Amino acid sequence: MTCDDVRAALSARLDGEDPQAAPAVLDAHLLDCVGCRTWSARVEQVTRLVRVRPVRVPDLTEAVLAAVAADPLAADRASAAAARARRQVLRVAVAVAAVAQLAVALPVLLAGPGVSVDPHTSREMASFDVALAVGFALAAWRPERARAFVPVALVLAVCLAGTSAVDIANSTTALVHEVGHLAAVVQAGLLWALGRAGGDADRPLTPALAAGRG
């Protein structure tokens, strides 16, 4: 093989192609030919430089650190937004319950004689219902004060449920007449949920901000 043939075969071998020559023959020629040996060394060096070129990688340190620092704040903001939305839904529900209770109690309170078999007792109960409805309305308006009304609503719900169960068991009243008392239980649950949501939604984000300080 001539030097040109050997160099073509060596070039093909560097490129991963078939050199069309036995490796032993090429290696033997390189041992005997100084020119081809020098040429092979230079070609290998050039090939290595071309294939192993340095790649410039942008410095993302600041962006990564900023993203890591922003994650807790974003999570806290999302949690606060969800709490505010939940509180708004509960405020509307409590306000609707207050309006419904007023709509039922006011006609009885303002009606003249003959409103029921016992007008005085009916008006007293209606007065109590109006006062309770006003409390629910205030809780819907100022959710942070809802917890103050929770004990009253819970005691009322428990007493109404207990006395209704006893009267139904003693056949003093019918079940259909006591279904309305379920509204008091629902109202107490709504008020309790609003009291919890009202405290969580107004909580500041200072812990998360303080954790991010260095």
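Parameters and conventions
Residues numbered from 1 in each chain as written. Predicted model: local features only at pLDDT ≥ 70, side-chain atom pairs only at ≥ 80, totals over all residues. Heavy atoms only, no water. Helix = DSSP H or I, 4+ residues; strand = E, 2+ residues; numbered from the N terminus. Buried < 20%, exposed > 50% of the residue type's maximum accessible area, 1.4 Å probe, protein only. Contact = heavy atoms within 4.5 Å. Salt bridge = Lys/Arg side-chain N within 4 Å of Asp/Glu carboxyl O. Core = buried A, V, L, I, M, F, W, Y, C linked by side-chain atoms within 4.5 Å. Axes fitted to C-alpha atoms, helices over the stretch in contact; angles between N-to-C directions. Parallel < 35°, antiparallel > 145°, perpendicular 65-115°, else oblique. Left-handed = near helix turned anticlockwise from the far one by under 90°. Nonpolar A, V, L, I, M, F, W, Y, C, P; charged D, E, K, R; others polar. Phe/Tyr/Trp six-rings, centres within 6.5 Å; stacked < 30°, edge-to-face > 60°. Lys NZ or Arg CZ within 6 Å of the ring centre and 35° of its normal. Expected span 1.5 Å × (residues − 1). Arc of directions from axis to C-beta.

## With respect to the overall build of the protein chain
So, step 1. A count of helical and extended segments in the protein chain gives 9 helices and 0 strands.
So, step 2. Each helix and strand of the protein chain, placed in order from N terminus to C terminus, yields the pattern α-α-α-α-α-α-α-α-α.
So, step 3. A buried classification covers 24% of the 214 residues belonging to the protein chain.
So, step 4. Summarising the internal contacts of the protein chain: among those between residues at least 6 apart in sequence, 64% fall at separations of at least 24.

## Some words on the pattern of salt bridges
So, step 1. Summed over all chains, the structure comprises 2 salt bridges.
So, step 2. When the shortest N-O distance is used, the salt bridge between arginine 13 and aspartate 27 registers 3.8 Å. One end of the pair, arginine 13, is in helix H1 (residues 3–14); the other, aspartate 27, is in helix H2 (residues 23–32), and 14 residues separate them in sequence.
So, step 3. Look at arginine 13 and you get partly exposed, because its relative accessible area is 34%.

## Quick look at the nonpolar core
So, step 1. Judged by nonpolar contacts, the single largest core of 16 residues is most densely connected at Val94, Phe136, Ala146, Ala153, Leu191 and Leu194.
So, step 2. At the level of elements, helix H4 (61–110), helix H5 (119–141), helix H6 (146–169) and helix H8 (182–201) are the ones that each hand at least two residues to this core.
So, step 3. If we ignore the near neighbours within four places in the chain, the residues touching phenylalanine 136 are Val94, Ala98, Gln101, Ala153, Gln187 and Leu191.
So, step 4. Counting 8 residues, the second-largest nonpolar core is a separate cluster that includes Ala9, Leu10, Leu26 and Leu30.

## Quick look at the packing of H1 against H2
So, step 1. For the pair H1 and H2, interaxial distance at closest approach is 11 Å and the crossing angle is 120°. In terms of orientation, H1 and H2 fall into the oblique class. The crossing of H1 and H2 is left-handed. Contacts from Cys3, Val6, Ala9, Leu10 and Arg13 of H1 reach H2 at Pro23, Leu26, Asp27, His29 and Leu30.
So, step 2. Residues belonging to the contact of H1 with H2 are distributed by class as follows: 7 nonpolar, 1 polar and 2 charged.

## A few points about the packing of aromatic side chains
So, step 1. Applying the stated criterion to the full structure yields 0 aromatic pairs.
So, step 2. Residue placement shows arginine 142 over the ring face of tryptophan 141; its charged tip is 5.8 Å from the ring centre.

## Regarding H6
So, step 1. Taking 1.5 Å of rise per residue, the 24 residues of H6 would be expected to cover 34 Å, and the 34 Å separating its terminal C-alpha atoms lies within 8% of that figure.
So, step 2. Those residues of H6 that sit buried are Ala146, Val150, Ala153, Leu156, Ala157 and Ser164.
So, step 3. One or two positions beyond H6, positive phi appears at serine 171, with a value near 60°.

## Describing the side chain of histidine 29
So, step 1. As for its placement among the helices and strands, histidine 29 is situated in helix H2.
So, step 2. Each residue touching histidine 29, except ones within four places of it in the same chain, is listed here: Met1, Cys3, Val6 and Cys36.

## Here's the deal with H2
An α-helical segment advances 3.6 residues per turn. Residues three or four places apart therefore align on the same side.
So, step 1. Turning to H2, its buried residues are Leu26, His29 and Leu30. Looking straight down H2, one finds its buried side chains confined to an arc of 100°; they lie on one side. Of the exposed residues in H2, those oriented more than 90 degrees away from the buried face are Ala24, Leu31 and Asp32.

The quantities given are spatial measurements derived from coordinates; they are silent on function.
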